[in-house]
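Structure at a glance
One-letter residues, chain by chain:
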Amino acid sequence: MRWEHKQNYQEDGDADIFHGANMYLKKNRIMTDIEEPKAKKQKTTKKDRKSTEDSKEKSASENVVDNTPTYEERCLAINILASPLASKKSTKKAHKLVRKASQSKSLRRGVKELVKGLRKGDKGLAIIAGDVFPIDVMSHLPILLEEHNVPYLFVPSKRDLGAAACTKRPTSCVLVKDKKSDGKDIDGKDLYDALIEEAKEYDPNSKKN
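In the nomenclature of an unreviewed UniProt entry, the protein chain corresponds to H/ACA ribonucleoprotein complex subunit 2 from the organism Stephanodiscus triporus. Of the protein chain, the UniProt comment under Sequence similarities (unreviewed entry) reads exactly: "Belongs to the eukaryotic ribosomal protein eL8 family." Quoted verbatim from the Subcellular location (unreviewed entry) field of UniProt, the annotation for the protein chain is "Nucleus, Nucleolus".

Below is the structure:
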C-alpha cells in the first residue's frame, strides 16, 4: 500500500509537470502568434487627394501632348499635290469649322460623298488631307473642284481631319456646305468666310475673274 501510494503520488506529480509544460508552450505559442500592431494609415484630406489627382491628370495630358506630332512634322509627310496648303493657324481654323459643320450636319465626308455633292450642285469649301497615299485616290479632286468653282484647301493630316469630322477613322477630304439644309447660314460663318478668302487666293478660276 505504501508503495502504491508513493507511485500514485509520483504519477500525479508527473502529470502536473506535464500539464505545466503544455501551458508554458501554449502561452509562448500565443505570444509568438500575436502580430505586431499595424501602423495607422495617415488620413488624407480631400484637398490632398484632389491635388494628387490633378497632378496625375496633368502628367497624363503632358504625355499626350508630347506624343502628338507638330504641324511641321505633319507637313513632312504630305504628297506633291498638297497645294494650297493651309498655314498652322488656318489649319486650326479649318478643323474648328469642320467640327462645327459636322455637328450641324452641313458636311460631306470622303471622296465619294464629296463627288456626289458636287454633282448635286452643293457649294461650299473643300478641305483635303495632304498625306493621302496613293495619290490616285484624290488626284482628280482639285480639277473637279475647279470645274465646279468650289474653293479648296489642303491640311497636313487625314487623321486630324477625321477627328475634326467626329469620326474615329482618318478622312481624306470633306466638303463644308455654305448653307444648312433649312437654308440658314452654317455655324462658324466667320471661320468659313476667312478660309474661303484664303482658298480663293490660290484658285485659278477666281484669279481669272
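Once the structure has been displayed, the description carries forward.
**Regarding the pattern of salt bridges**
Under the defined criterion, the tally for this structure stands at 6 salt bridges. Note that Asp 187 and Lys 180 form a salt bridge whose closest N and O atoms lie 3.4 Å from each other. Residue classification places Asp 187 among the partly exposed positions, given a relative accessible area of 34%. With a closest N to O distance of 3.0 Å, Lys 189 and Asp 193 form a salt bridge. Of this pair, Lys 189 and Asp 193 both sit in helix H8 (residues 189-200), 4 residues apart, which is roughly one turn of that helix.

**Overview of unusual backbone geometry**
Comment: phi is negative for the bulk of residues other than glycine, and the bulk of peptide bonds are trans. A cis geometry characterises the amide bond from Ser 83 onward to Pro 84, with omega recorded as 5 degrees. Along the chain, the position of Pro 84 falls in the loop between helix H3 (71-75) and helix H4 (88-103). Pro 134 follows Phe 133 through a cis peptide bond whose omega is -5 degrees. Note that Pro 134 resides in the loop between strand E2 (124-129) and helix H6 (141-147). Even without being glycine, Lys 105 reaches a positive phi, approximately 55 degrees. Mapped onto the fold, Lys 105 is located in the loop between H4 and strand E1 (107-109). Residue Lys 105 is classed as exposed on the basis of its relative accessible area of 71%. Although it is not a glycine, Cys 166 adopts a positive phi angle of roughly 65 degrees. Along the chain, the position of Cys 166 falls in the loop between helix H7 (158-164) and strand E4 (173-177).

**Section: the sheet that holds E4**
Read across the open sheet, the 4 strands follow the order E1-E4-E2-E3; overall the sheet is mixed. One side of each edge strand has no neighbouring strand; the edge strands of this open sheet are E1 and strand E3 (152-155). The average undirected angle you get between the axes of adjacent strands in this sheet is 20 degrees. Inspection of the sheet shows E2 paired to E3 by 4 bridges, in the parallel sense.

Cut-offs used in this document
Residues numbered from 1 in each chain as written. Predicted model: local features only at pLDDT ≥ 70, side-chain atom pairs only at ≥ 80, totals over all residues. Heavy atoms only, no water. UniProt positions renumbered as here; feature names shortened; annotations may be inferred. Salt bridge = Lys/Arg side-chain N within 4 Å of Asp/Glu carboxyl O. Buried < 20%, exposed > 50% of the residue type's maximum accessible area, 1.4 Å probe, protein only. Helix = DSSP H or I, 4+ residues; strand = E, 2+ residues; numbered from the N terminus. Pairing = 2+ DSSP bridges. Axes fitted to C-alpha atoms, helices over the stretch in contact; angles between N-to-C directions.

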